[in-house]
Amino acid sequence: MIHKSIAELAALCGGRLHTAHAGAGQERIAGVSTDTRTIATGQLFVPLIGDRFDGHAYAVAARERGAAAALWQEDHELPAALADWPVILVEDTLVALQRMAAAYRSELSVRIVGITGSNGKTTTKDMVAAALATVFRVHKTAGNLNNHIGLPLTVLEMDETTEAAVLEMGMSGYGEIQLLSEIARPDLAIITNIGDAHMQQLGSREGIAKAKLEIAEGLKPGGTLLLNGDEALLAEDAVSLPAGIQVLRFGRQPGNDYVVLPQRMDAASSSFSLHDRAGMLTELSVPAAGIHNMMNATAAVAAALELGVPYEQIAAGLAGMELSAMRIERSEAFNGATVLNDAYNANPTAMRAAIDLVEQLQGYRHKWLVLGDMLELGDQEEELHRGVGRYITPVKADQVLTFGQLGSYIAEGAAVAFHADPEAVKAFDDKEKLATWLRSQLAPEDLVLVKGSRGTRMEQIVQAIQHR
């Protein structure tokens, strides 16, 4: 993590030390935190302001828990209880945090990979980090700290010994990815795909593609943009990127610089061949199921190769990697049935990929899809849910269970293909009732995939069918 004097931090963020603490400028700070619940002794406290909270109200608590100093927004009065505590005065604490991270990143000799996309960001991040870690000392985004607050904090968690960092970049509207990219200044950026997430804010897939391509704005001179070459929208817009950027493409279609050729898969792993831009054909495997994860792995392998990691180390890194929780996380139900927990988030593109995965996996008595609401889809939400339902056929799955009001539209769409067996599609508005019914029907030889948006907490269904 960052180790600087208070005076140095003030210079990084464009602030000034409060005159009452002029003598404290050389005091050393180790790390930055915005959360008094997890703040550590010796850290700098950054009080952020939200719609329903003001971090300045927690500054006394931060000090009591060991914080050594704080940023302080100039339009806030400094309370008497903090009169003898070093504070750095800034115009806006969030902007100061972002400036500090950008300035600190520019001091570090570190290779940075930035990752965005509608789906697969976190899985690809884990894969890239695993491949790079065989050669470099690697730091990566923890959890979902991929926004205008989380990314700066992730950058400030690096220290001077970090050799490579893998930073996930999320967004909900225009300008956000550009901001994150300009803070991180990646050497290489990846766009995993373009889906339907954030349709409410951006209006169309074309708008989503433009927003994701903002990641190129912060690329270092001569940097590389690695994008999904099977996605026409990305290919169309990539021609207008700034000069000097190397654009490489990965995908299943011939003509990409890195082409994935699926081979084998089961519920816990996938094997594929990769045809690289040097003409080599190499077999690889990852502990993640599905063709969409082969695509994620292809992006990861391509990134590692471009940064100089040999195939042998890449293969070893991928083979031993661990994915973040609730990304097609395999477990067993109470009776031994196979459960795939993909409940971290959902949008129509990700739903279709999960449905495809269930179709691709063979050897089960019955295959169950348990699907919840997809949120933030805007005015088209009903039709997008029905469209996911229509995508499901008896060839892809045997049983479809849905949860939630929006989920019921998935059931409506699926009922069309299952008209010969209407009992194969059921809609629930209560997770406990859904789980109870599923437990009563589930056989040890079955496969269950559970997926929904984060707000639906579909992992509760997974937990309910795991307990004996």
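Residues numbered from 1 in each chain as written. Predicted model: local features only at pLDDT ≥ 70, side-chain atom pairs only at ≥ 80, totals over all residues. Heavy atoms only, no water.

Engineer: Even after reading the chapter, I still don't get the overall build of the protein, so can you show me in this structure?
Structural biologist: Scanning the protein for helices and strands turns up 16 helices and 22 strands. Radius of gyration (C-alpha) of the protein: 24 Å, near the 23 Å computed for a compact globule of 468 residues. Counting only C-alpha atoms and orienting by the principal axes, one finds that the protein spans roughly 80 × 55 × 40 Å. Burial status across the protein gives 56% buried among its 468 residues. (Helix = DSSP H or I, 4+ residues; strand = E, 2+ residues; numbered from the N terminus. Rg over C-alpha atoms; globule rule 2.2 N^0.38 Å. Buried < 20%, exposed > 50% of the residue type's maximum accessible area, 1.4 Å probe, protein only.)

Engineer: What is the right way to look at the pattern of salt bridges in this model?
Structural biologist: Close approach of charged atoms lets side chains of opposite charge pair. If you walk through the whole model with that rule in mind, you get 23 salt bridges. For the salt bridge of Arg137 with Asp159, the shortest nitrogen-to-oxygen distance reads 3.7 Å. You can see Arg137 sitting in the loop between α4 (121-132) and β9 (138-140) and its partner Asp159 sitting in the loop between α5 (150-157) and β10 (164-168), a full 22 residues away along the chain. A relative accessible area of 46% means that Arg137 is categorised as partly exposed. Residue classification places Asp159 among the partly exposed residues on the basis of a relative accessible area of 22%. The salt bridge involving Glu383 is made with Arg390; its shortest N-O contact spans 2.2 Å. (Salt bridge = Lys/Arg side-chain N within 4 Å of Asp/Glu carboxyl O.)

Engineer: Help me understand the nonpolar core in this model?
Structural biologist: Side chains of a nonpolar character, in soluble globular proteins, are inclined to be buried together. Judged by nonpolar contacts, the single largest core of 55 residues is most densely connected at Val32, Leu44, Leu71, Ile88, Met100 and Leu225. When neighbours within four sequence positions are excluded, Ile88 is seen to be in contact with Ile6, Leu9, Ala10, Cys13, Gly15, Arg16, Leu17, Leu44, Ala70, Leu71 and Trp72. In terms of nonpolar packing, the next biggest core, distinct from the first, is built from 39 residues, Ala129, Leu132, Ile190 and Val286 among them. (Core = buried A, V, L, I, M, F, W, Y, C linked by side-chain atoms within 4.5 Å. Contact = heavy atoms within 4.5 Å.)

Engineer: Explain the sheet that holds strand β20 (residues 399-403) here, please?
Structural biologist: Strand pairing within a sheet occurs via backbone hydrogen bonds; the two strands may be parallel or antiparallel. Reading across the sheet, the 6 strands line up as β17-β18-β22-β19-β20-β21 and stay open at both edges, with mixed pairing between neighbours. Each of the sheet's edge strands pairs with one partner strand only, and the pair in question is β17 (329-332) and β21 (425-428). Averaged over all neighbouring strand pairs, the angle between strand axes comes to 20°, with direction disregarded. One ladder, built from 5 bridges, connects strand β19 (residues 367-371) with strand β22 (residues 447-451); its direction is parallel. For Trp368, the partnering residue across the bridge sits in β22 and is Val448. Those strands touched by helix α12 (residues 348-360) are β18 (338-342), β19 and β22, and its axis lies near 175° from that of β22. The strands touched by helix α16 (residues 459-466) within the sheet are β17, β18, β19 and β22, with β18 carrying the most contacts at an inclination of about 160°. (Pairing = 2+ DSSP bridges. Axes fitted to C-alpha atoms, helices over the stretch in contact; angles between N-to-C directions.)

Engineer: Can you walk me through the sheet that holds β10 in this structure?
Structural biologist: The sheet built from 9 strands is open, its strands ordered β9-β10-β8-β11-β12-β13-β14-β15-β16 with mixed pairing. Each end of this open sheet is capped by a strand with a single partner; those strands are β9 and β16 (281-286). Put simply, the sheet's adjacent strands are angled 20° from each other on average, direction ignored. As paired elements, strand β8 (residues 111-116) and strand β11 (residues 188-191) share 4 bridges and run parallel to each other. Bridge pairing links Val113 to Leu188 in β11. The sheet contacts of α4 involve β8, β9, β10, β11 and β16, and relative to β10 the element is tilted by about 175°.

Engineer: Explanation requested: the packing of aromatic side chains in the structure shown.
Structural biologist: To describe a pair of aromatic rings, you give the distance between the ring centres and the angle between the ring planes. Evaluated as defined, the whole model comprises 2 aromatic pairs. Summarising the aromatic geometry, the rings of Trp368 and Trp437 are spaced 6.0 Å apart at their centres and angled 70° between planes, so their arrangement reads as edge-to-face. Of this pair, Trp368 sits in strand β19 while Trp437 sits in helix α15 (residues 431-441); the two residues are 69 residues apart in sequence, bridging distant segments of the chain. Under the relative-accessibility criterion, Trp368 is labelled buried at 2%. (Phe/Tyr/Trp six-rings, centres within 6.5 Å; stacked < 30°, edge-to-face > 60°.)

Engineer: In this structure, what is going on with helix α14 (residues 405-415)? I would like to understand it.
Structural biologist: Think of an α-helix as 3.6 residues a turn; residues three or four steps apart then line up on the same face. With respect to burial, α14 is a largely interior element, 8 of its 11 residues being buried. Those residues of α14 not exposed but buried are Leu406, Gly407, Ser408, Tyr409, Ile410, Ala411, Gly413 and Ala414. Buried residues along α14 sit against α12, β19, α13 (381-391), β20 and β21.

Engineer: Even after reading the chapter, I still don't get α12, so can you show me in this structure?
Structural biologist: The end-to-end C-alpha separation of α12 is 18 Å, in line with the 18 Å expected for 13 residues at 1.5 Å each. Where α12 begins, the capping side chain belongs to Asn347, and its oxygen is found 3.1 Å from the backbone nitrogen of Thr349. (Expected span 1.5 Å × (residues − 1). Polar contact = N/O pair within 3.5 Å; in protein donor to acceptor, adjacent residues only side chain to side chain.)

Engineer: Just to check I follow, could you spell out the side chain of Thr338 for this structure?
Structural biologist: Locating Thr338 in the fold gives a position in strand β18. Excluding anything up to four places from it in sequence, Thr338 contacts Ala267, Arg330, Ser331, Tyr364, Asp446, Leu447 and Val448.

These figures capture arrangement, not role.
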